[in-house]
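One-letter residues, chain by chain:
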Amino acid sequence: MSEEQQRPAAGGQPPTSNHQPPAAGRQSPTSHTLWGGRFQSGPDPRFWALNASLAVDQRLALHDVRGTAAWVRAIADAGVLTPAERDALLRGLDAIADEFRRGAFAFAPTDEDIHTAIERRLKELVGEPALKVHTGRSRNDQVVTAFRLWLRDAVDDLDALVRDVQAALVARAEADLEVLAPGYTHLQQAQPILLSHWWLAHFWPLQRDRQRLAQLRARLNVLPLGSGALAGTTVPVDRQALAHALGFDAISPNSWDAVSSRDFAAEFLFWAALLGVHLSRLAEGLILFASREFGFVTLHDAFSSGSSLMPQKKNPDGFELARGKSGAWVGALTGLLTTLKALPSAYDKDLQEDKAPVFRVYDDLRALLPVLAASLRTLRVHADRAAAALDPATLATDLADYLVAKGIPFREAHHIVGQVVQQALARGVPITRWTVDDFRAVHPAFDADVHQALDPWAAVARRDVPGGTAPQRVREQLEQARQALQARP
Ligand code: ARG
């Protein structure tokens, strides 16, 4: 996690419903008092509690300071500030960033949101020049600038964490190349596979997730600052230089769109929702595999929890939380899309609701992804149980292929083997224990070599196409996965 990403601790009390707003009495805008000039009449505490967003958006503190420092330079270059004012403001902003990093920033009861808090503090530290810092700027372009900067750091954090889960899957795939397991469709045993193949089946969706993240990062990394409230700033700032200073790749082409669009937040939530679907499927597979009925894996004690009543229980809570939390991420996406869909203006206060779902999903992922990676690295695989669970009937396709090799058309071979399976069930004798005569009684095309078709290792080896489960192909796939991990997604 980058230093910038750290959540600033609230040094003071955010307003509560008990907070009595300051008594009416308009103060001069040049006043140095903390909140006197802010309201013509004090807001009703109930309205204040609803409207204030500091509790949520204080997390943008360092990014808002960064955006403000860039703005200070830009309006100084445009002649709005003297060099001395500029330098004083930049020193003040540095001091404020330092207070946030040390958890020493004290919020005032009148700090409606993080932007207000920072400007208020700047006034305390620097005095008069702070009254000019908002020249040509609106909180509308300010907040979306800070939010984009914050999310850009978050995206970089999350890319590294998803990559680590991928690395854990690759390590598992490397370790489990000799493990044969049933492969399922419809949760019914279908064909034998290498367990490594299954681990890698969960690697590639995460690779696509990281590609999507890189793509959305490019659309996220566009500068809105300079858009003013909606129509563009009146200060002739160099927006390209501003973009460059803040590490943005481009500037927004339309000021109205710049302050109203939250595409980047919605895209991020879609990204997380789909990642959650992938993690949930992996988790569900492992929850099943860790059950006594499957018994293919045992989770490490350090990543399992017990029952308050049943002494024998060891539960896969980490994987269950992956499955559970991913549901809330889908909800976060639909919630934000619904908030956005009928907004009539460039900025409506509805947009203030954009941050909480993004922060929630980010926090969930930061908590979950390291646990998933470590759970994967520490679980034990029981090769014997996975192999023992393999129903010989999963070789039925290979038996049909065997008949095809003897010249029987596949559809006919499928039917013949269907009869073999039916008789095996009726007699209670698995096909691996049938004699050649047993097979020949069903169809004369079966020969003395029929048992070669009934070896699960031969079955996996025959899936010898790129992407197949043949050991050599899985090794090749593993190499591709390793390369994907090394490259930029
Ligand atoms: N707290 C606000 C938000 O998060 C900042 C922007 C306020 N803009 C305004 N026009 N009231 O959206």
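As a reminder, the structure under discussion sits directly above these lines.
Residues numbered from 1 in each chain as written. Predicted model: local features only at pLDDT ≥ 70, side-chain atom pairs only at ≥ 80, totals over all residues. Heavy atoms only, no water.

**Q** Go over the overall build of the protein with me, naming the residues and quoting the values.
**A** Assigned secondary structure in the protein consists of 19 helices and six strands. Computed over the C-alpha atoms, the radius of gyration of the protein is 31 Å, more than 25% above the 23 Å expected from 2.2 N^0.38 for a compact globule of 489 residues. By principal-axis analysis of the C-alpha atoms, the protein measures approximately 105 × 55 × 40 Å. Across the protein, contacts joining residues at least 24 apart in sequence account for 76% of those joining residues at least 6 apart. (Helix = DSSP H or I, 4+ residues; strand = E, 2+ residues; numbered from the N terminus. Rg over C-alpha atoms; globule rule 2.2 N^0.38 Å. Contact = heavy atoms within 4.5 Å.)

**Q** Break down the packing of aromatic side chains for me, with residues and values.
**A** Counted according to the given criterion, the structure contains 18 aromatic pairs. Centroid distance F147 to F264: 5.5 Å. Interplanar angle 70°. Geometry classified as edge-to-face. Of this pair, F147 sits in helix 6 (residues 139–175) while F264 sits in helix 11 (residues 263–289); the two residues are 117 residues apart in sequence, bridging distant segments of the chain. Exposure remark for F147: the relative accessible area of 0% places this residue in the buried category. Centroid distance F268 to W271: 5.8 Å. Interplanar angle 25°. Geometry classified as stacked. A residue pair is termed a helical-turn pair when its members lie 3 or 4 positions apart in one helix, as F268 and W271 do in helix 11 at three residues. (Phe/Tyr/Trp six-rings, centres within 6.5 Å; stacked < 30°, edge-to-face > 60°. Buried < 20%, exposed > 50% of the residue type's maximum accessible area, 1.4 Å probe, protein only.)

**Q** How would you explain the side chain of S227 if you had to name every residue and give the values?
**A** Residue placement: S227 occurs in the loop between strand 3 (222–223) and helix 9 (239–245). Overall, the relative accessible area of 1% leaves S227 in the buried class. Apart from the residues within four sequence positions on either side, S227 is in contact with D141, G232, T233, R239, S252, S255, A258 and V259.

**Q** Talk me through the site of the ligand; I want residue IDs and the actual numbers.
**A** Around the ligand sit S53, D57, D113, H115, R139, N140, V143, Y347, Q352 and K355, and that is every residue in its neighbourhood. Between the ligand and S53, the relevant distance is 3.1 Å, taken from a nitrogen atom to a side-chain nitrogen or oxygen of the residue. One of the side-chain nitrogen or oxygen atoms of K355 is found 2.6 Å away from an oxygen atom of the ligand. Taking 350 Å² as the accessible area of the ligand by itself, protein coverage stands at 86%. With three residues, the single largest contributor to the shell around the ligand is helix 6. Looking at the shell around the ligand residue by residue, the classes come out as two nonpolar, four polar and four charged. (Near = heavy atom within 4 Å. Polar contact = N/O pair within 3.5 Å; in protein donor to acceptor, adjacent residues only side chain to side chain. Areas by Shrake-Rupley, 256 points an atom, 1.4 Å probe, with all protein chains shown as cover. Nonpolar A, V, L, I, M, F, W, Y, C, P; charged D, E, K, R; others polar.)

**Q** Explain the pattern of salt bridges residue by residue, including any values.
**A** By the definition in use, this model includes 36 salt bridges. A salt bridge links K132 to E85, with the nearest nitrogen and oxygen atoms 2.7 Å apart. With K132 in the loop between helix 5 (114–126) and helix 6 and E85 in helix 4 (residues 83–101), the pair connects residues that are 47 residues apart, well separated along the chain. When its relative accessible area of 16% is taken as the criterion, E85 is described as buried. In this structure, the salt-bridge partner of E99 is R121, at a minimum N-O distance of 2.7 Å. With E99 in helix 4 and R121 in helix 5, the pair connects residues that are 22 residues apart, well separated along the chain. (Salt bridge = Lys/Arg side-chain N within 4 Å of Asp/Glu carboxyl O.)

**Q** Go over helix 5, please, and point to the residues and values.
**A** Compared with the 18 Å implied by 1.5 Å per residue over 13 residues, the 18 Å span of helix 5 between its first and last C-alpha is a close match. The buried fraction of helix 5 is high, at ten of 13 residues. Of all the residues in helix 5, the buried ones are I114, H115, T116, A117, I118, R120, R121, L122, K123 and V126. Contact partners of the buried residues in helix 5: helix 2 (54–57), helix 3 (61–77), helix 4 and helix 6. (Expected span 1.5 Å × (residues − 1).)

**Q** Tell me about the environment of A76, residues and numbers included.
**A** Here A76 lies in helix 3. In this structure A76 comes out as buried when scored by relative accessible area, which is 13%.

**Q** Break down unusual backbone geometry for me, citing the residues and quoting the values.
**A** The backbone of H186 shows a phi angle near 55°, a positive value even though the residue is not glycine. Relative to the helices and strands, H186 resides in the loop between strand 1 (180–185) and strand 2 (188–194). In this structure, L187 is a non-glycine residue whose phi angle is positive, near 55°. Along the chain, L187 turns up in the loop between strand 1 and strand 2.

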